[in-house]
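Coordinates in review
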Amino acid sequence: MDEIDRNLLKALQQNAQMTAQELSETLNLSASQAGRRRQRLEDQGYIHAYAARLDPARIGLHVQAFMQVQMESQSPESARSFLRLVKLRSEITSVWTLTGNSDYLMRVYCSDLGALNVLIHEVLLPHPSVARVQSQIVLDQVKQDAPLPTDHG
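Here the structure is a predicted model, which means the values were calculated and not measured. (Residues numbered from 1 in each chain as written. Predicted model: local features only at pLDDT ≥ 70, side-chain atom pairs only at ≥ 80, totals over all residues. Heavy atoms only, no water.)

Below, the discussion takes up the overall build of the chain. Each helix and strand in the chain was counted, giving 5 helices and 4 strands. Shown N-terminal to C-terminal, the secondary structure of the chain runs as helices and strands in the order α-α-α-β-α-β-β-α-β. For the chain, buried positions account for 31% of its 153 residues. For the chain, restricting intrachain contacts to residue pairs at least 6 apart in sequence, the fraction spanning at least 24 positions comes to 63%. If you sum the accessible surface of the chain, you get close to 10,200 Å²; carbon and sulfur atoms cover 50% of it. Of note, the chain has its 15 positive side-chain charges centred 3 Å away from the centre of its 17 negative side-chain charges. (Helix = DSSP H or I, 4+ residues; strand = E, 2+ residues; numbered from the N terminus. Buried < 20%, exposed > 50% of the residue type's maximum accessible area, 1.4 Å probe, protein only. Contact = heavy atoms within 4.5 Å. Areas by Shrake-Rupley, 256 points an atom, 1.4 Å probe, with all protein chains shown as cover. Lys, Arg positive; Asp, Glu negative; His and termini not counted. Charge placed at Lys NZ, Arg CZ, Asp CG, Glu CD.)

Here a ring pair, both rings aromatic, is described through the centre-centre distance and the interplanar angle of the planes. Applying the stated rule across the entire model yields 1 aromatic pair. Aromatic pair F82 and Y104: ring centres 5.1 Å apart, planes at 35 degrees, arrangement tilted. Remark: Y104 occurs in strand β3 (residues 104-110) and F82 occurs in helix α4 (residues 76-88); sequence separation between them is 22 residues. Accessibility assignment for this pair places F82 and Y104 in one class, buried. (Phe/Tyr/Trp six-rings, centres within 6.5 Å; stacked < 30°, edge-to-face > 60°.)

So, about the layout of surface pockets. Of the voids in this model, the largest pocket is the one considered here, and its volume is about 1,600 Å³. When contributions to the lining of the largest pocket are tallied by element, the ones reaching two or more residues are α1 (3-14), β1 (63-71), β2 (92-97) and β3. Along the lines of polarity and charge, the residues of the lining of the largest pocket split into 23 nonpolar, 12 polar and 6 charged. (1 Å grid on protein atoms, 1.4 Å probe; cavity = no way out; pocket = protein on both sides within 12 Å on 5 of 7 lines; lining within 4 Å. Points joined across faces, edges and corners; volume = space filled by probe spheres on them. Nonpolar A, V, L, I, M, F, W, Y, C, P; charged D, E, K, R; others polar.)

Looking now at the pattern of salt bridges. Following the criterion strictly, the structure yields 8 salt bridges and no others. As a salt-bridge pair, R37 and D2 come within 3.0 Å of each other at their nearest N and O atoms. With R37 in helix α3 (residues 31-43) and D2 in the segment before α1, this pair connects stretches of sequence that are 35 residues apart. On the accessibility criterion, R37 (19% relative accessible area) is buried. For D2, a relative accessible area of 31% translates into the label partly exposed. With a closest N to O distance of 3.3 Å, R80 and E77 form a salt bridge. (Salt bridge = Lys/Arg side-chain N within 4 Å of Asp/Glu carboxyl O.)

This paragraph deals with unusual backbone geometry. The backbone of N28 shows a phi angle near 60 degrees, a positive value even though the residue is not glycine. Along the chain, the position of N28 falls in the loop between α2 (20-27) and α3. Classification of N28 by relative accessible area gives exposed; the value is 70%.

Let us now look at α1. With 12 residues, α1 extends 17 Å from end C-alpha to end C-alpha; this agrees with the ideal 16 Å at 1.5 Å per step. Among the residues of α1, D5, R6, L8, L9, A11 and L12 are the ones counted as buried. The elements touched by buried residues of α1 are α2 and α3. N-cap assignment for α1: the residue whose side-chain oxygen lies 3.1 Å from the backbone N of I4 is D2. (Expected span 1.5 Å × (residues − 1). Polar contact = N/O pair within 3.5 Å; in protein donor to acceptor, adjacent residues only side chain to side chain.)

Attention now goes to the side chain of Q64. Turning to its location among the elements, Q64 is positioned in strand β1. Classification of Q64 by relative accessible area gives buried; the value is 10%. A distance of 3.2 Å separates a polar atom in the side chain of Q64 from a polar atom in the side chain of R107. Among the polar contacts made by the side chain of Q64, one reaches the side chain of Q141 at a distance of 3.4 Å. Aside from chain neighbours lying at most four places away, what touches Q64 is R107, V108, Y109, Q136, I137, V138 and Q141.

So, in structure tokens, the structure goes:
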């Protein structure tokens, strides 16, 4: 990956709908060169997908929270069972495994506090693998999810 590829990735993170012509102007390449580079980066797995970023509040998701989950058991079957549950819940948008006291960190979006309460008390806590759930409700997101840095050589 060279500097042109990094600049191409940076441009696409800002606007994934850029045409080959628009990329060529940004990168100072021909449209065909820009298109070939884009295709190569897609084929090599640098670009996983193109997606629209939605405004959560405009679609009725007024509560964003982060939840730390501590597991009762560390067995592989317990983890698989928990992750099956997590994958079925559309309000859970991201899940990370962690070091430290919690096993998982999850980002969730819910319509209101009642829906968050249901998720915690009727879905997560009753799961036999879950020992503890700690939630932090987001008051304001002061920096939006930013593009990944591409200039680290």
